[in-house]
Amino acid sequence: MGFLNSKRIVIKIGSALIAPNKKGCSSFYLLSIAQFIIRCRMKGIEVVLVSSGSVAAGAQLFADNVSPNVAMKKAMAAAGQTEMMATWDKLFDFPTAQILLTHGDLRDRERYISIRDTISCLLENGILPILNENDTVTTDNLKVGDNDNMSAMVAAAAKADSLIICSDVDGLYDKNPNTHKDAKLIPEVDKIDDYIYSIAGDATSLVGTGGMKTKIEAAEKAVSNGVHTYIVNGFTERSFNILLEGNNPGTYFKPDETPLQEHLHWMTHTSKSQGEVVVDNDFSASLETESVQLTSEEIVSVNGDFSAGDTILVRTDDGTKLAKAKTNFGSCLWNYIAEQTDDIKLRGSFNPDDPIISGKNIAVIEN
């Protein structure tokens, strides 16, 4: 499926495009992006915009903005968010809507579905959703940390066909193009593996928090959900013209042939583990059966404080991650079982119809 066959897309814009000099918002780079969004909508393609830039936009309003502390950054975000939305709003002749999120919103299944419903309702009524992480209220425990990864989570929530991540280079190169003149652009990536991560390099932008590595992380999240993903140069109008011609101006990441089921993708890539269950290194039970056959002897330890319904990580004692899963029991009961000297079968230990982990709620991690 080419880009022009997309029915719904997510486009992610970074801080360097919004406020390139940290002196408030500038429409210099945004005009071509706004025109691209307008032309997409004219072609019947629904657009969701993920826009960074609130901190960079608000920095000019604070005297001591060279090395701001956490509280000041939050204040910058609060002040800059209104300017950022106003800047986008004046570039369109159709209404826009602001959605501010924390990871706490995305990792809670009920709120995640609510976000999806809100985005769909806005699009159905011709309103452009503009999303950003709510830097003003988020904490270390609740933040995504960068809008590259958030855009992939939003693409999954919005059931988008394509994700466009704007960068300050043309795409993914085999070397850092800023330091190697012989660097070559990689036009297409079939599979994201260790080699792709090894060439991603570090952040190059002085304004944003996301570098190429976070863009690769976002691409991996998106393609595992069946989303066609592009990393393109957001600083040139040429990128968007080529996309609208149905061609690839940067690096295209092919979606997985067998995408994860929606709820398993959410558990793998969006929901954070609230705790973990450590099993013996020789643990050999299948994690893809209807209910996990664990015994008390196989549980090495239970870490964290979690409740029934939370997402937990199942790993071996040597650190190998096996799966993320929705637990049917809280950490208290897990600890009780782990402490028993008898070889208690967890399935059916307390209720045969309520296994401690159900197979339908397990996302096996491929190592």
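Model, not experiment: these values are computed from the prediction.

Visitor: How would you explain the packing of helix α6 (residues 109-124) against helix α7 (residues 147-157) if you had to name every residue and give the values?
Guide: Across the interface, α6 lies against α7 with an axial gap of 9 Å and an inter-helix angle of 75 degrees. Classed by the angle they form, the pair α6 and α7 counts as roughly perpendicular. On α7, the residues that touch Tyr112, Arg116 and Ile119 of α6 are Met153, Val154, Ala156 and Ala157. Broken down by class, the residue content of the contact of α6 with α7 amounts to six nonpolar, no polar and one charged.

Visitor: How would you explain the pairing of strand β1 (residues 8-13) if you had to name every residue and give the values?
Guide: Of all six residues making up β1, six are buried, and the element is well covered by its neighbours. Going residue by residue along β1, you find Arg8, Val10 and Lys12 tucked away on one face and Ile9, Ile11 and Ile13 tucked away on the opposite face as well. Summarising the sheet, β1 and strand β2 (residues 46-51) pair through six bridges and their orientation is parallel. Within β2, the position partnered with Val10 by the bridge is Val48. Relative to strand β5 (residues 162-167), β1 is paired through four bridges, and the arrangement is parallel. By the bridge assignment, Lys12 is partnered in β5 with Ile165.

Visitor: Describe the packing of α7 against helix α9 (residues 212-223), with residues and values.
Guide: At a closest axis distance of 8 Å, the pairing of α7 and α9 adopts a crossing angle of 10 degrees. In terms of axis orientation, α7 runs roughly parallel to α9. Residues Asp148, Asn149, Ala152 and Met153 of α7 form the contact with α9, whose own contacting residues are Thr214, Lys215, Glu217, Ala218, Lys221 and Ala222. In terms of residue class, the contact of α7 with α9 is made up of four nonpolar, two polar and four charged.

Visitor: I'd like to hear about the environment of Leu172, residue by residue, with values.
Guide: Along the chain, Leu172 falls in the loop between β5 and β6 (188-189). Taking the relative accessible area as the measure of exposure, Leu172 reaches 1% and is therefore buried. Taking the C-alpha atoms as reference points, Leu172 and Glu188, 16 residues apart in sequence, are found 9.1 Å from one another. Look past the residues within four positions of Leu172 in its chain and what remains in contact with it is Lys184, Leu185, Ile186, Val189, Ile196, Ile199, Ala200, Met212, Ile216, Thr251 and Phe253.

Conventions we followed
Residues numbered from 1 in each chain as written. Predicted model: local features only at pLDDT ≥ 70, side-chain atom pairs only at ≥ 80, totals over all residues. Heavy atoms only, no water. Axes fitted to C-alpha atoms, helices over the stretch in contact; angles between N-to-C directions. Helix = DSSP H or I, 4+ residues; strand = E, 2+ residues; numbered from the N terminus. Parallel < 35°, antiparallel > 145°, perpendicular 65-115°, else oblique. Contact = heavy atoms within 4.5 Å. Nonpolar A, V, L, I, M, F, W, Y, C, P; charged D, E, K, R; others polar. Buried < 20%, exposed > 50% of the residue type's maximum accessible area, 1.4 Å probe, protein only. Pairing = 2+ DSSP bridges.

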